[in-house]
Every structure is written in structure tokens, then in C-alpha cells.
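Below, each chain spelled out in residue letters.
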Amino acid sequence: MKNKKLIAAFLSVSMLLALGGCNKSEVKETDAEEEEETTEQVTEETETTETSKETEKTEETEDTEPEESTEGTYYGNYAGDESEFSKIYTELRNYATELNESNGGLLYGFGSNTVSETTYDLIWEYVLLTYDGNQLTAYHDIDGKIEPVELQEYGYLAGEWEPKKFLFEYEDFMEYPFLDDFSNFVDEYFHSEVDPRNIDAVLDDGGYGGWLRGFSGDMKYAYCQFGPESTIDKSMEECLNLKEGDKVKVDGEEFEVSAVEFREEEGVFLSGCYVISLGEIDYGGYFVGISVDDNGNAENMSIFDCFGNPTYSYHRLSKVPIAEDAEINVSVYLNGGYADESTITGSELHDYLSDWIDVCPTLTKFEDGGVKINGSTEIGYGINEDHMVDSVRIENGEIVYMSFKIWNW
């Protein structure tokens, strides 16, 4: 099971780090290469015209004016028309209300068809899920008419799911502000879970990372599927004095120090930092990185898994208030380049994102709910200039720092 967990973590989290953990110059280079590959033929035929357009795009980027995306929507077909999402959300919720009036004991949630091979045209179509304790039922919306649909087309096969782990009671379900796939809230390999009754529980101060799913309608709350940074039972100063063979605990699990070094070479993982290797790195160990000042005093410490990814102890769906003076770094990537990179405060978030909703297919506004980032976006997997993890910071139960990206893909 541990090997299976490591493989799943490598495939998923390493991909997240590749998107959000590298510096922006690396991301720009990768995205630019992908854009070049998909438009190579057009570029060859219209080189002069494209050069002119690139010049215009650069000038518009400097003014940070929202530019209409020329890309298709993220979902791409019937249910992929984001103009339909808000309507479908409202109609499915209304149907849930009708069901609740006749049966008050049902559990509810949203799901999506992500596995069907026989109904490819319905991939990403959202459904309403209900569970009576014995039977799971799915309903889809066809032009305003709500109809039951076969479960096997949506991946929710009998005996393979535990609906009570990811579905909500009616009142909690009605509070959720956008369409989503509730089954994604639970994942044994990443220790991800959801407790809808405590979704707005006050979180402990510290660093967090995982996925940002969206915001409440007033954008004063973020819906995050994340967890706290992994912890070690030593202070930064104590870690600097560790030697090979010493024992430490990460998230309560004991590891032996296998190496201690200071990496002076530039351009390498944790360059300019002390690096403590814990356990057998090839079999699931950890790296502890410590940045120091000019006098060699410890400044910051981060824990990375055996693949060099930031680590968080567990993920849980949380509704977290955003401080009005929170520092929020937002990067908007559209049409093959960065359309804007801004640092705003929590009180400015509503107006800022509202300017991009109509031009960025990643964002969807739900008239009776909030704002969703389609596909979610990783948070806390970036690396700052000190080579430390760029975690979401929570103080007094509120987000005071966060960095995220929205894009069209």
C-alpha cells in the first residue's frame, strides 16, 4: 500500500509542483513551448501578422486590461459551456429542495462524468447525487428537465464508493457555492477527507497547501481542499546540529538522518541552504531545507518529500475567511502568455476577479452561489526566492497570504 501511495503521490503532486512549484520564468517557458507547438503551422504561414499581434499583446499586457480569451472553455462541450453552469447549478439545487420536502433523510452532492468511454459527449457533465443509506442515485439536467441517469456512466459503481464519506446533509449541501465533484473530497492516498458539519471550523495558525476550489459570492471566503505543513519534532536550530544516525519524527513517524550538507552550488535543489536527508530517499524519505542569513543563523525551514515536493500532512475541505488586508498574489495566464500578475489585498479580491470572470474560462460565476476555479488550482506548492515552500499563511483563523494562478487550458 505504501508503494502504491508513493506512486500516486509522485504522479499527482509532482505534476502540481511542475505547474505551480517552479518559478514563473520556467512556467512561462514551458507554456510558451506548448503554445508554439500548437500554432506552428499558423505561425509559418503568417509570420509577419503574428509578430504584429505579439507586439499588440505585449502593449495590452503592460496596461493589464482583461483581454478576451481566444481559447475554448476548459470543459469543451455541452456541459462545457460555462454560461450553462450557473443555470444547471440552480436547477439541480431546486430539484434537491423538492426531494428534501418528500424525503428529509437523503444525503446530497454534485458529481461529474469523468470516466465514461461510451458517452464521451457527456464527459464533464455535472449530476446531482443522492443517497438514502442504501442506494445512490444520479440525476442530470437536460435543457431544464431533471432526469435519473445510469450510475455506471458516472463512475459511481455499487460497492466501490462510500457515499456517506463525501455527500452532505441537505442544509450543508445547499451552502456549497458552485458545481463540483464531491467524490474528489475523499482520497485515501492523500489522506483527504471532508466533514461538511465542520467545513467552516477555525483552522490553526500556520502554513497550508493543497487546492483552491473557489470563493463565496462576496469572495470573503475561500473554499480550499488543503492541509497544514508537515511538522518535525525539532526546531530549526536543532536541525542545524543534526548528524547522521540521529533520529527525528516527521508527522509523528520516526526517521533516521542519512545525510547533512550545505549546498553552495547555484541552480540545484535547495541551493544555498542546509539540507538534512531523512530515511532512505529512494523509498519515501524526506528532505529538510533550512535557509540561513549571512551569519549562518537559521531563518526559515521547509520539509519536502522524496521527490522534492512540498509536503502537507492531510487535506480537508475548508471554508476559510480571507483577511481584508491579506496579501494575495494572482497570476492570470491567457492566450499563450501572462495577461497580468498582481499583488492585491483581500478587500480588493472581489473587484479584481470580477474583471476577469467574463474573459477567463477558468473562472465561472454562479448567480445563486459563488465563483469557481474550474479544475481547481494548486496553492502552497510554489517555491519562494529563498527556496522555501510558498505556503498559504493563516493567522487568527484567516488567510493572510496566498498565491495562486488562473489560466485557460
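Here, the structure is the one placed above.
Note that the structure is a prediction, hence the values are computed from the model and not measured.

K.L.:
An account of the overall build of the chain is needed here, citing residue identities and associated values.
P.N.:
Assigned secondary structure in the chain consists of eight helices and 19 strands. Restricting the contact set of the chain to residue pairs at least 6 apart, pairs at least 24 apart contribute 60%. Working note: accessible area of the chain is about 20,800 Å², and carbon and sulfur atoms make up 44% of it.

K.L.:
Residues and numbers for the packing of aromatic side chains, please.
P.N.:
All told, the structure shown has 28 aromatic pairs when counted by the stated rule. For the ring pair Phe 110 and Phe 173, a centre distance of 4.8 Å and an interplane angle of 55° mean the geometry is tilted. Of this pair, Phe 110 sits in strand 1 (residues 107–112) while Phe 173 sits in helix 6 (residues 170–175), and the two are 63 residues apart along the sequence. A relative accessible area of 0% means that Phe 110 is categorised as buried. Among the residues examined, Phe 173 registers a relative accessible area of 0% and is labelled buried. Ring plane angle 80° and centroid distance 5.6 Å describe the contact between Tyr 312 and Tyr 381, whose orientation is recorded as edge-to-face.

K.L.:
Got a sec to walk through a negative patch on the surface? Specific residues and values, please.
P.N.:
Negative charge collects at one region of the surface, where Asp 233, Glu 237, Glu 238, Glu 244, Glu 254 and Glu 256 lie side by side. Of all the elements in the fold, those that place two or more residues in the negative patch are helix 7 (236–240) and strand 10 (253–262). Within the secondary structure, Asp 233 is located in the loop between strand 8 (221–228) and helix 7.

K.L.:
Talk me through the pattern of salt bridges; I want residue IDs and the actual numbers.
P.N.:
A complete count under the given rule lists eight salt bridges for this structure. Where Lys 87 meets Glu 84, a salt bridge forms, and the shortest distance between an N and an O atom there is 3.1 Å. Here Lys 87 pairs with Glu 84, and both are found in helix 5 (residues 82–102), just three residues apart, close to one helical turn. In this structure Lys 87 comes out as partly exposed when scored by relative accessible area, which is 37%. Of the charged contacts, one joins Glu 162 and Lys 165 as a salt bridge, the two residues approaching to 3.4 Å between their closest N and O atoms. Glu 162 gets classed as partly exposed once you look at its relative accessible area, which sits at 42%.

K.L.:
Got a sec to walk through unusual backbone geometry? Specific residues and values, please.
P.N.:
Its identity as a non-glycine residue notwithstanding, Met 219 has a phi of 60°, on the positive side. Its place among the elements puts Met 219 in the loop between strand 7 (206–215) and strand 8. Look at Met 219 and you get buried, because its relative accessible area is 3%.

K.L.:
I'd like a description of the sheet that holds strand 3 (residues 136–142), backed by residues and values.
P.N.:
Across the sheet, five strands lie side by side as 4-3-2-1-5; this open sheet has antiparallel pairing. Strands with a single pairing partner mark the edges of an open sheet, and in this sheet they are strand 4 (145–149) and strand 5 (168–169). In this structure, strand 3 lies alongside strand 4, joined through five bridges in antiparallel fashion. Bridge pairing in strand 4 places Ala 138 opposite Val 149.

K.L.:
Any chance you could break down the pairing of strand 13 (residues 298–305) for me, citing the residues and the numbers?
P.N.:
Sheet topology note: the strand 12 (residues 286–292)/strand 13 ladder contains seven bridges and is antiparallel. Paired with Ser 291 across the two strands is Asn 300, which belongs to strand 13. Adjacent in sequence and paired antiparallel, strand 12 and strand 13 are bridged by five residues, among which Gly 296 carries a positive phi angle near 85°.

K.L.:
Before we move on, could you go through the sheet that holds strand 10 and cite the residues and values that matter?
P.N.:
Strand order in the open sheet formed by five strands is 9-10-11-12-13, with antiparallel pairing between adjacent strands. Each having just a single partner strand, strand 9 (247–250) and strand 13 make up the two edges of the open sheet. Looking at each pair of strands side by side, their axes are set apart by 35° on average, direction ignored.

K.L.:
Please set out the environment of Leu 106 residue by residue, giving values where relevant.
P.N.:
Note on placement: Leu 106 falls in the loop between helix 5 and strand 1. Among the residues examined, Leu 106 registers a relative accessible area of 11% and is labelled buried. In contact with Leu 106, not counting residues within four places along its chain, are Leu 99, Thr 130, Tyr 131, Asp 132, Phe 168 and Tyr 170.

Definitions and cut-offs
Residues numbered from 1 in each chain as written. Predicted model: local features only at pLDDT ≥ 70, side-chain atom pairs only at ≥ 80, totals over all residues. Heavy atoms only, no water. Helix = DSSP H or I, 4+ residues; strand = E, 2+ residues; numbered from the N terminus. Contact = heavy atoms within 4.5 Å. Areas by Shrake-Rupley, 256 points an atom, 1.4 Å probe, with all protein chains shown as cover. Phe/Tyr/Trp six-rings, centres within 6.5 Å; stacked < 30°, edge-to-face > 60°. Buried < 20%, exposed > 50% of the residue type's maximum accessible area, 1.4 Å probe, protein only. Patch = residues over 30% accessible without salt bridge, like charges linked within 9 Å, V, L, I, M, F, W, Y side chains within 5 Å. Salt bridge = Lys/Arg side-chain N within 4 Å of Asp/Glu carboxyl O. Lys, Arg positive; Asp, Glu negative; His and termini not counted. Charge placed at Lys NZ, Arg CZ, Asp CG, Glu CD. Pairing = 2+ DSSP bridges. Axes fitted to C-alpha atoms, helices over the stretch in contact; angles between N-to-C directions.

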